[in-house]
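Residues per chain are reported as follows:
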Amino acid sequence: MTGVVVCVAVLAVAAVLGLVHRRRDGRIRVRDKDAAELLTAGEIGAELGERATLVQFSSAFCAPCRATRRTLEDVVRMVDGVAHVEIDAEAHLDLVRRLGILKTPTVLVLDAHGAIVRRAAGQPRKADVIAALGAAV
């Protein structure tokens, strides 16, 4: 009988943790730590966008990274002056550590000067990316 109770409790905790993870995944947010960070064209390996830049940290075998790339490319086509830069997280570990990138995909929204104004860990929705660009421009 106690084994059944333990099993039910473990399943309930797992379900709650799964729902919390699902709700937070891909959500665009502001981090106080990011306020002091400024990224240059040399650090990201491409020119900054005229109005904003979407920097995507990806890894080779990341399926959500491919979907995120498509989403960000759609946004770039829709919004003038916005650039998309994809960075291989494994090849830029120093930058990953400095910026606190914990998972791929992670998307940073930079303003025209390279300041981080928003970030999303996980696959963001197109509408959320467009809304986040409003803070950058």
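As the structure is a prediction and not an experimental result, all values here were calculated from the model. (Residues numbered from 1 in each chain as written. Predicted model: local features only at pLDDT ≥ 70, side-chain atom pairs only at ≥ 80, totals over all residues. Heavy atoms only, no water.)

**As for the overall build of the chain**
Point 1. When helices and strands are counted, the chain shows five helices and five strands.
Point 2. Along the chain, helices and strands appear, N-terminal first, in the series α-β-α-β-α-β-α-β-β-α.
Point 3. Taken over 137 residues, the chain has a buried fraction of 36%.
Point 4. Restricting to contacts in the chain with at least 6 residues of sequence separation, those with at least 24 account for 73%.
Point 5. With the model as given, the accessible surface of the chain reaches about 8,100 Å², and the carbon-plus-sulfur share is 59%. (Helix = DSSP H or I, 4+ residues; strand = E, 2+ residues; numbered from the N terminus. Buried < 20%, exposed > 50% of the residue type's maximum accessible area, 1.4 Å probe, protein only. Contact = heavy atoms within 4.5 Å. Areas by Shrake-Rupley, 256 points an atom, 1.4 Å probe, with all protein chains shown as cover.)

**A closer look at helix 5 (residues 126–136)**
Point 1. Among the residues of helix 5, those classed as buried are Val129, Ala132, Leu133 and Ala136. An end-on view of helix 5 places all buried positions within 110° of arc, on one side of the element. (Arc of directions from axis to C-beta.)

**Digging into the side chain of threonine 71**
Point 1. Residue position: threonine 71 is located in helix 3 (residues 63–78).
Point 2. For threonine 71, a relative accessible area of 14% puts it in the buried group.
Point 3. Once residues lying within four places of it in the same chain are set aside, the contact partners of threonine 71 are Pro124, Arg125 and Lys126.

**Considering the nonpolar core**
Point 1. If you look at the biggest cluster of nonpolar residues, it comprises 14 residues, and the most contacted ones within it are Leu39, Val55, Phe57, Ile87, Leu99 and Leu108.
Point 2. Where this core is concerned, the elements lending two or more residues are strand 2 (52–58), strand 3 (82–88), helix 4 (93–99) and strand 4 (106–111).
Point 3. Leu72, Val79, Val107 and Val109 belong to the second largest nonpolar core, which has 13 residues in total. (Core = buried A, V, L, I, M, F, W, Y, C linked by side-chain atoms within 4.5 Å.)

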